[in-house]
Amino acid sequence: MVWVLLLVLAAVVLGIVGAVAHGLFYLLIVGVLVFVVALVVGAARFRHTGRRPVR
């Protein structure tokens, strides 16, 4: 779970820097991609831990 939170934090920072700094629009794109990866990883972990064994 810590990795997902770190990925989201990195995505936010990259997105802010990419949106504010002149000529660094590619950081905004990288931030969005990192955010999407964090969502996929978080969903996979949530789905995996949410299952209970069938008896």
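The coordinates are above.
A. Region of the structure containing the overall build of the protein. When you go through the protein residue by residue, the secondary structure sums to two helices and zero strands. As displayed, the protein offers around 4800 Å² of accessible surface, 76% of which is attributable to carbon and sulfur atoms.

B. Structural view of a nonpolar patch on the surface. Nonpolar side chains collect at one region of the surface, where V2, W3, L6, L9, V13 and V17 lie side by side and expose about 610 Å² of accessible area between them. Structurally, V17 is set in helix 1 (residues 2-20).

C. Seen up close, helix 1. Between its terminal C-alpha atoms helix 1 stretches 27 Å, which fits the 27 Å expected from 19 residues at 1.5 Å a residue. For helix 1, the full list of buried residues reads V4, A11, G15 and G18. End-on, the buried residues of helix 1 take up no more than an arc of 70°, which puts them together on one face. Along helix 1, exposed side chains directed more than 90 degrees from the buried face belong to V2, L5, L9, I16 and V20.

D. Region of interest: the environment of V41. Tracing the sequence through the fold places V41 in helix 2 (residues 25-50). Sequence spacing of V41 and W3 is 38 residues, and the spatial spacing of their C-alpha atoms is 9.0 Å.

E. Representation of the environment of G31 in the model. Its location among the elements puts G31 in helix 2. For the pair G31 and V17, spaced 14 residues apart in the sequence, the C-alpha separation amounts to 9.2 Å. Residues in contact with G31, not counting those within four places in the same chain, are A11, L14 and G15.

F. Broad picture of the environment of G15. Along the chain, the position of G15 falls in helix 1. Relative accessible area serves as the criterion here: at 14%, G15 is assigned to the buried category. Sequence separation of G15 and V30 is 15 residues, and the distance between their C-alpha atoms is 7.6 Å. Once residues within four sequence positions are removed from consideration, G15 is found in contact with L27, L28 and G31.

Calculation criteria
- Residues numbered from 1 in each chain as written.
- Predicted model: local features only at pLDDT ≥ 70, side-chain atom pairs only at ≥ 80, totals over all residues.
- Heavy atoms only, no water.
- Helix = DSSP H or I, 4+ residues; strand = E, 2+ residues; numbered from the N terminus.
- Areas by Shrake-Rupley, 256 points an atom, 1.4 Å probe, with all protein chains shown as cover.
- Patch = residues over 30% accessible without salt bridge, like charges linked within 9 Å, V, L, I, M, F, W, Y side chains within 5 Å.
- Salt bridge = Lys/Arg side-chain N within 4 Å of Asp/Glu carboxyl O.
- Expected span 1.5 Å × (residues − 1).
- Buried < 20%, exposed > 50% of the residue type's maximum accessible area, 1.4 Å probe, protein only.
- Arc of directions from axis to C-beta.
- Contact = heavy atoms within 4.5 Å.

All quantities given are derived from atomic positions and should not be read as evidence of function.
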